[in-house]
Amino acid sequence: MDSCIIKNNKRINLLDIPTVEIEKLRAYLSATNLRPIAFFGSDWGSATKLFVALADDEKGEVILSSSLIDKEVKAYESITKDNYQYHMFEREFYEQFGIEPIGHPWLKPVRKNLDNYEFFSMEGEELHEVAVGPIHAGVIEPGHFRFSCQGEKVYNLEIMLGYQHRNCESLMIKRPSVQLAESICGDSVIAYGLCYCQVIEELSGTKITNKAKIIRRIGLEMERIAIHIGDLGAILGDIAYLMGKEVFAVVRTLVINTMLEISGSRFGRGLIVEGGVNFDINRELSKKIVNTLDNVKRAVENMTKAALKSSTVMSRLEKTGSLNKETAQEINIVGLIGRSCGIELDSRFDFLDEFYCDCKIKPFKATNDAYSRFRIRYKEIIDSISIIKKLLKKLEQFENEETKVELNPLIPNSFALSIVESWRGELVQAATTNDKAELSRYKIKDPSFNNWFGLALALRNNGISDFPLCNKGFDLSYCGFDL
């Protein structure tokens, strides 16, 4: 198939992306082992242009291709029926452009859910349905969960989202800014801001300093540590191990207060800006960060060991919400949930960043269940602390560099794609410019886009009372999905 190859965070001329017939593209995508990371349409005059980006994780490359579909053509043969990794991508493409993937096994709305939405249903004398949401008792975002049960046992869970569709991608075209990017998904401020800035810097040919690159990555790892610690506490809270919940809440505060010292915001807002970063990390602050992280590491290790010695904790975590590796690969699960199933994907290392090259980490021994999702968070906290220490040491080599450079004008007829390993997993943002050097399309794929269906599968044959534990173990984003 006609395609081109790019590296992560590299611009390409938009007109250099090959265009092939949809039938030929479909045949290739149905058969290839490469993972889809972007699959989106763009208005192209009298046609719709479909862009497809595939990840070659072994080579650290992105394969790009496209297809022009005349607007009078309202259908093509579905890819999903041969390769289930496309099931969400095709549904979204159909919803946005009205081009139907014929034969798609589950062609339902992604975000535009109407009153006549047809839920999957099961029949039987002892079967019943439990509907939860979209409005919840806690301070969480809207989402509807429809359980098909026999007694307490869940046979099927269908998840319906889309209640807070905010037109983020359209807003990015009208008024692009790092402040908007940071606001799309509030628990991934650093990851979203970094991904956006890397796209814009590539589209403008702006080269930032090594100092800025390192500080950005320190922020990214701090965000990973903070959220993972919070999730460890939340998981223990859901199984009534309250000492662990409270201890991890205190330890998380140490991390986010350190982010406050770095950037003036506990969540890292304002740290990253187009062209670099707004704040420096001098040697005095660097020593303070290391000392804090040493204390964090000791506290996390001690609390984790204590929790996992509890037979009550282990009885709730082990063999709960299992999702095997084969199923996870089939539906394109990414990030820490994928790693908890034994899928060794991590875009920090697969699409090797020069500042992560000395930070290789050991593979995780997965058990596919809630215990595995707890343990992977613990491991990644320890790994990220080690990574930050190495990055701080490397930062000393560039202490005389500037933190920020001026952003160049956008380059016309360009395409750029950025992959960032957010704490949830693979965050992808892609953008194009037109011949007037204006943004013409902006596409966002949160890791939750891949992983919500995995949560539904993990709950099958579990008790309905296991849902809070499974839900927190996956900890997926409503707003990152709804956009």
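Everything below is about the structure shown above.
Residues numbered from 1 in each chain as written. Predicted model: local features only at pLDDT ≥ 70, side-chain atom pairs only at ≥ 80, totals over all residues. Heavy atoms only, no water.

Student: Mind showing me how you'd approach the packing of helix α6 (residues 210-238) against helix α7 (residues 242-263) here?
Tutor: Helix packing geometry: the angle between the two helix axes and the distance between the axes. One can describe the packing of α6 onto α7 by two numbers: an axis separation of 7 Å at closest approach and a directional angle of 165°. One way to sum up the angle between α6 and α7 is to call them roughly antiparallel. The interaxial crossing formed by α6 with α7 has left-handed handedness. Residues G219, M222, I225, A226, I229, G230, L232, G233, L236 and G237 of α6 lie in contact with α7, whose contacting residues are L242, G244, K245, F248, V251, R252, V255, I256, T258 and M259. For the contact of α6 with α7, the class distribution of residues is twelve nonpolar, six polar and two charged. (Axes fitted to C-alpha atoms, helices over the stretch in contact; angles between N-to-C directions. Helix = DSSP H or I, 4+ residues; strand = E, 2+ residues; numbered from the N terminus. Parallel < 35°, antiparallel > 145°, perpendicular 65-115°, else oblique. Left-handed = near helix turned anticlockwise from the far one by under 90°. Contact = heavy atoms within 4.5 Å. Nonpolar A, V, L, I, M, F, W, Y, C, P; charged D, E, K, R; others polar.)

Student: Explanation requested: the sheet that holds strand β5 (residues 61-70) in the structure shown.
Tutor: Pairing between the strands of a sheet comes from backbone hydrogen bonds, and it takes one of two forms, parallel or antiparallel. Spatial ordering of the open sheet is given by β1-β5-β4-β3, a layout of four strands whose pairing is antiparallel. Edge positions in the sheet fall to β1 (4-6) and β3 (35-44), since each of these pairs with one other strand and no more. Across this sheet, the average inter-strand angle for adjacent strands is 25°, counted without regard to direction. With three bridges joining them, β1 and β5 adopt antiparallel strand pairing. Residue pairing across strands places I6 opposite V62, the latter belonging to β5. In the packing of helix α1 (residues 22-31) onto the sheet, contacts are made with β3, β4 (47-56) and β5, and the angle to β4 comes to roughly 20°. (Pairing = 2+ DSSP bridges.)

Student: Hey, could you run me through helix α15 (residues 467-474) in this one?
Tutor: Because each turn of an α-helix spans 3.6 residues, side chains separated by three or four positions in sequence point in the same direction. Burial analysis of α15 places six of its eight residues in the buried class, which makes it a mostly covered element. Among the residues of α15, those classed as buried are F467, L469, C470, N471, G473 and F474. (Buried < 20%, exposed > 50% of the residue type's maximum accessible area, 1.4 Å probe, protein only.)

Student: Can you walk me through the packing of aromatic side chains in this structure?
Tutor: Aromatic ring pairs are reported here in terms of the distance separating the ring centres and the angle at which the planes meet. One pass over the structure, following the stated rule, counts 20 aromatic pairs. Measuring from ring centre to ring centre gives 6.2 Å for Y84 and F453, while their planes differ by 40°; the resulting arrangement is tilted. With Y84 in the loop between β6 (75-77) and α2 (87-97) and F453 in helix α14 (residues 447-458), the pair connects residues that are 369 residues apart, well separated along the chain. The rings of F39, Y76, Y86, F89, F93, F97, F449 and F481 are connected pair by pair, giving a single aromatic cluster. The ring centre of F481 lies 5.3 Å from the NZ or CZ of R111, which sits over that ring. (Phe/Tyr/Trp six-rings, centres within 6.5 Å; stacked < 30°, edge-to-face > 60°. Lys NZ or Arg CZ within 6 Å of the ring centre and 35° of its normal.)

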